[in-house]
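# Residue-level structure breakdown
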Amino acid sequence: MGFFDKLKAGLEKTRKSFTEKIEQLVIGYATIDDEFLDDLEAVLLSADVGVSTTAKLMTEIRSGIKSKEINYPEDLKPFLQAKISVMLLREPQVEQDIHEPPVVMLIVGVNGVGKTTTIGKLASYYHEAGKKVLIAAGDTFRAAAIDQLEIWGQRTNTEVIKHAEGSDPAAVAFDAVQAAKARRADIVIIDTAGRLHTKSNLMEELKKINRVIAKEIPDAPHETLLVLDATTGQNAINQAKLFGDAVKLSGVVLTKLDGTAKGGVVIAIKNELNLPVKWVGVGEGVNDLRPFDPAEFAAALFADK
Amino acid sequence: MVFESLADKLQQTFKKLRGRGKLSESDVTEALKEVRMALLEADVNFKVVKDLVAKIKERAIGQEVLESLTPAQHVIKIVNEELTNLMGGTQSRIAIASRPPTVIMLVGLQGAGKTTTAGKLAHLLKRQGKRPLMVAADIYRPAAIKQLEVLGEKLEIPVFTMGQENPVNIAKKAVDQALMMARDIVIIDTAGRLHINEELMNELKSIKQTVKPHEILLVVDAMTGQDAVNVAETFNKDLGLDGVILTKLDGDARGGAALSIKAVTGQPIKFAGMGEKLDALEPFHPDRMASRILGMGDVLSLIEKA
Ligand SMILES: Nc1nc2c(ncn2[C@@H]2O[C@H](COP(=O)(O)OP(=O)(O)OP(=O)(O)O)[C@@H](O)[C@H]2O)c(=O)[nH]1
Ligand SMILES: Nc1nc2c(ncn2[C@@H]2O[C@H](COP(=O)(O)OP(=O)(O)OP(=O)(O)O)[C@@H](O)[C@H]2O)c(=O)[nH]1
Ligand SMILES: [Mg+2]
Ligand SMILES: [Mg+2]
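This is a predicted model, so every value here is computed, not measured.

## Describing the overall build of chain B
Secondary structure assignment for chain B yields 12 helices and eight strands. A burial count over chain B gives 61% of its 306 residues as buried. Within chain B, contacts between residues separated by at least 24 positions form 79% of all contacts whose residues are at least 6 apart in sequence. For chain B, the exposed surface amounts to about 12200 Å²; the carbon and sulfur share of it is 48%.

## A few points about the environment of Ser291(B)
All names here are of chain B. Relative to the helices and strands, Ser 291 is located in helix H11 (residues 286-294). Taking the C-alpha atoms as reference points, Ser 291 and Gln 177, 114 residues apart in sequence, are found 44 Å from one another. At a separation of 3.1 Å, a polar atom in the side chain of Ser 291 contacts the main-chain carbonyl oxygen of Arg 288.

## Details of the site of ligand 1
Among the 23 residues in the neighbourhood of ligand 1, the closest are listed as Lys115(A), Thr116(A), Thr117(A), Arg142(A) and Glu284(A). More than one chain lines the surroundings of ligand 1; the residues nearby belong to chains A and B. Separating an oxygen atom of ligand 1 from a backbone N or O atom of Val282(A) is a distance of 3.5 Å. Between Gly283(A) and ligand 1, the recorded distance is 3.2 Å, taken from a backbone N or O atom to an oxygen atom. Protein contact buries 96% of the 650 Å² of open area that ligand 1 shows by itself. Among the elements that line the shell around ligand 1, the one with the most residues is helix H5 (residues 115-128) of chain A, at four residues.

## Description of the environment of Leu134(A)
Residues and elements named next belong to chain A. Relative to the elements of secondary structure, Leu 134 occurs in strand E2 (residues 133-136). Exposure remark for Leu 134: the relative accessible area of 0% places this residue in the buried category. Residues Leu 134 and Glu 159, 25 residues apart in the sequence, show an inter-C-alpha distance of 5.4 Å. Those residues within four positions of Leu 134 in sequence are excluded, and the remaining contacts are Thr 158, Glu 159, Ile 161, Ala 176, Ala 179, Ala 180, Ala 185, Ile 187, Val 188 and Ile 189.

## Focus on the site of ligand 2
Residue and element names in this part refer to chain B. Neighbouring residues of ligand 2: 24 residues in total, closest Gly 113, Lys 114, Thr 115, Thr 116 and Arg 141. At 3.2 Å from an oxygen atom of ligand 2 is found a main-chain nitrogen or oxygen belonging to Ala 112. Relative to its unbound accessible area of 650 Å², ligand 2 is 96% covered by the protein chains. Considering every element that reaches the shell around ligand 2, the biggest residue donor is helix H5 (residues 114-127), with four residues. A breakdown of the residues in the shell around ligand 2 according to their chemical character gives four nonpolar, 12 polar and eight charged.

## Section: the packing of helix H8 (residues 198-211) of chain B against helix H9 (residues 228-239) of chain B
All names here are of chain B. Two numbers describe how H8 lies on H9: the axes approach to 10 Å, and their chain directions differ by 40 degrees. On the basis of their axis angle, the class for H8 and H9 is oblique. Where H8 crosses over H9, the two elements pack in a sense that is right-handed. Facing Met 201, Leu 204, Lys 205 and Lys 208 of H8, the residues of H9 in contact are Thr 234, Phe 235, Asp 238 and Leu 239.

## Quick notes on the sheet that holds strand E1 (residues 102-107) of chain B
Within a sheet, adjacent strands bond to each other through the backbone by hydrogen bonds, running parallel or antiparallel. All names here are of chain B. A sheet is described by the order of its strands in space; here eight strands give the open sequence E3-E2-E4-E1-E5-E6-E7-E8, paired in mixed fashion. Both outer strands of the open sheet, strand E3 (159-160) and strand E8 (281-283), are each paired with one neighbouring strand and no more. Where strand E2 (residues 132-137) meets strand E4 (residues 185-190), six bridges bridge the pair, whose relative direction is parallel. Residue pairing in the sheet places Pro 132 in a bridge with Ile 185 of E4. In the packing of helix H6 (residues 144-155) onto the sheet, the strands contacted are E2, E3 and E4, and the crossing angle to E2 comes to about 165 degrees.

## Description of the side chain of Asp250(B)
Tracing the chain through its elements places Asp250(B) in the loop between strand E6 (243-247) and helix H10 (257-265). Within the structure, the side chain of Asp250(B) is placed 2.4 Å from the side chain of Lys199(A), a separation counted as a polar contact. With residues up to four places along the chain from it excluded, the contact list for Asp250(B) reads Leu196(A), Thr198(A), Lys199(A), Gly273(B), Met274(B) and Gly275(B).

## Points about the UniProt feature "domain: SRP54-type proteins GTP-binding" (unreviewed entry) in chain A
According to UniProt, the feature "domain: SRP54-type proteins GTP-binding" (unreviewed entry) maps to residues 102-303 of chain A in the numbering used here. Here residues 102-303 of chain A is 42% helix and 18% strand, with 41 Å between the C-alpha atoms at its ends.

## Topic: the packing of aromatic side chains
Geometrically, a pair of aromatic rings is defined through the distance of the ring centres and the angle of the planes. Residues and elements named next belong to chain A. Tallying each qualifying case throughout the model produces three aromatic pairs over all chains. With centroids separated by 5.3 Å and ring planes inclined at 85 degrees, the aromatic side chains of Tyr 125 and Tyr 126 adopt a geometry described as edge-to-face. Given a relative accessible area of 38%, Tyr 125 falls into the partly exposed group. In this structure Tyr 126 comes out as buried when scored by relative accessible area, which is 15%. For the pair Tyr 125 and Trp 279, a centre-to-centre distance of 4.7 Å together with 80 degrees between the ring planes defines the contact as edge-to-face. Taken together, the positions of Tyr 125 in helix H5 and Trp 279 in strand E7 (residues 277-281) put the pair 154 residues apart, joining distant regions of the chain. When its relative accessible area of 8% is taken as the criterion, Trp 279 is described as buried.

The rules behind these values
Residues numbered from 1 in each chain as written. Chains lettered and ligands numbered in written order. Predicted model: local features only at pLDDT ≥ 70, side-chain atom pairs only at ≥ 80, totals over all residues. Heavy atoms only, no water. Helix = DSSP H or I, 4+ residues; strand = E, 2+ residues; numbered from the N terminus. Buried < 20%, exposed > 50% of the residue type's maximum accessible area, 1.4 Å probe, protein only. Contact = heavy atoms within 4.5 Å. Areas by Shrake-Rupley, 256 points an atom, 1.4 Å probe, with all protein chains shown as cover. Polar contact = N/O pair within 3.5 Å; in protein donor to acceptor, adjacent residues only side chain to side chain. Near = heavy atom within 4 Å. Nonpolar A, V, L, I, M, F, W, Y, C, P; charged D, E, K, R; others polar. Axes fitted to C-alpha atoms, helices over the stretch in contact; angles between N-to-C directions. Parallel < 35°, antiparallel > 145°, perpendicular 65-115°, else oblique. Left-handed = near helix turned anticlockwise from the far one by under 90°. Pairing = 2+ DSSP bridges. UniProt positions renumbered as here; feature names shortened; annotations may be inferred. Phe/Tyr/Trp six-rings, centres within 6.5 Å; stacked < 30°, edge-to-face > 60°.

So this is what it looks like as C-alpha cells:
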C-alpha cells in the first residue's frame, strides 16, 4: 500500500472505530493501557480540542486513575464527559433582562461563519417568545448582504433597518438603536460584515460601531456574540482573543454543528478565555438554533457520525 | 504560541547534543515530539501527523548532520522537505478544454468562499483574455443569485441565472448559452452543502453527469480544523476532484488543512484566496505553505542557504 492509501485506510478506520474501539476495550480489557489512553487522546485531538487542552484533560484522567476514580475502561468516557461539561459550564451570570428595553445585540465574526443566518434564527426565536424584534443590516460591504438579511426579515416577519450598500455601518447601527427606541422594540439585533480578526482597520470599524451604540444606550450592546464555525480548528482561539480585544464579547454561537466537525475548540476557548457558548446552529433553516447544552456537547465529542 | 517557538524548542532539545555526528533514535524521538505538537496546533489532521512523523523519523535516524547545520536545523530541514513533498509542486493551472467552453464547477461547504472565488476566478481568466460566463446554480441560500449578479456587474462579466429552477437544468442551459454567446469559460457556483448531505451530494453528481465539467474544484476555508480530511475525502469520492482552492489565507490561520486535504485527495491546491476583493486570488505555493504550517519562514530561509 502506498502512503496515501495507507493514510486513507487509516482515516477510515479511525473514524469508524472510535466508539467501537472504546466499547471493545471496555469489554476486552480489564485494565487501562497506554494504547487505550492514546486512543482517547486521539478522540480529543480529532475533535479540534487542541494540544494543550487535550494535555490538560489527559492529566486529569491520569490523576483520576491514581485516585481510583477511574478503575475500569468503562469509567473513562463518563469521567471525561463530566470533566468537559464542568469546564464548559457557565459561571452563574448576573441577572439578565435587567436592562430597559431595547436590548441591543451585536453579532460579530470572521467571514462566512453564519452571522447573518444566526440573526434570522434569533429573530425567529425571540419572536416566538413574544418579543418585538428589529434586525439591522450592518454588513454594507459584501455583495447582496443586505438582500440576504432582508429575506430573513421576510421569513421571520421582522422589520429590517438598512442603508445603501457601501454606507457607514456605524450609521446603520445608530439608526437601528434609534428605531428600536422609537418603535418600543424589545430587542434589536445588528449584523456586521465578516472580518478577519487580524485586519486592524476592520477591527477599528467594529469598535466604532460599538461606541456609537454605547453613546445611545450607555450599557449597550448588552450582548456581543462571536459566531464561530464548528469546522474551524485552532485559529478560533485567535479569533476569540482578537475580537475580544476589540469589543467586549458576551458569548459564542457555534454554527454548523450539523456537519461532522465537533467544534471542540470551544473547550479551549472556554478554558483559556472563559468565553461561554450560548447557542449552537444545527442547520440552515429558521428553527435550526439551540441553546447550548454542555453535557450533550461533551457526549457528542465521543460519538461517531 | 507553540508555533512561534518550534525552532527554539528544537534548539533546546538538541542543546545537549551539540557536536555529535549522527542523529540517534532518542534524539530524533525527542525532537519529533515538538514537531508533532506544532503540526497539530497548525490543524494538520492527527492521522496525517502520525504518518508524517513516522516517515520523518525513519529518514532522520542515523543521518550524518551537515557541518553547516545544528542538529535542530537538520531535523527542521527534513521536516520541511517532507511537508513540501507531501504538498506537491506548483500547479496553478486550469485545464483549458480543446473544444470550448471549458466548464469549471466550484463545490464545498457552506461559507467556504465559493461565490466570491467564482468572481475572482472569472476575473483572473478574463484578464488572461478569456470570456467567462458565471452561472448561479445556488438556489437555496438567501440572495445567493443576487450576490453573484452583483459580482458580475462589478467585473463586467455576464451571469447566467434561471431563478429557483433545478440546478442541473441551470447548469445545462448555461453551457448551451455559453456556446451560443461564444463564451469560452463557464464557471458554475453551487450551493454550500455538507458532505454528509446525500441529497445535495447527489445533486452535484447529476450536474457532473450532465455537463461533464473539465475542472471540479473544492473550495476550502484555510481555517478548517481536523474535519478537513472527512470533507475532502467525501467530495473527492463522490465527484472526483481536479483540484482545491484554499480561501481566507490572508488571516493568521496556519492552514494545516492544506496538508490534510492534499494527503487524502492527492489533488493539487491550485489557488489561494488572499482577501475579499476580487483580485485577491493567487497561485498556490507549496513551499511557502510548508513554512507557514511550521511557522518559521526565517529559520527555513536560513537553512536553505546552508
Ligand atoms: N449546515 C449549516 N449551515 C449553516 C449554519 N449556519 C449558517 N449556515 C450556512 O453558512 C453559510 C454562510 O452563512 P452566513 O449567515 O451568510 O454567514 P456570515 O457569517 O453572515 O457570512 P459573511 O457575512 O459573508 O461573513 C450559508 O450558506 C448558511 O446557510 C448551520 O448551523 N449549519
Ligand atoms: N478574508 C477573506 N474572505 C474571503 C475570502 N474568500 C471569501 N471570503 C469571504 O467569505 C465569506 C463567504 O464567502 P462566499 O463566497 O459567500 O462563500 P460561499 O462558499 O459561496 O458561501 P455559501 O454559498 O453560503 O455556501 C464572504 O464574506 C466573503 O467575502 C478570502 O480569501 N479572504
Ligand atoms: Mg453576513
Ligand atoms: Mg455562495
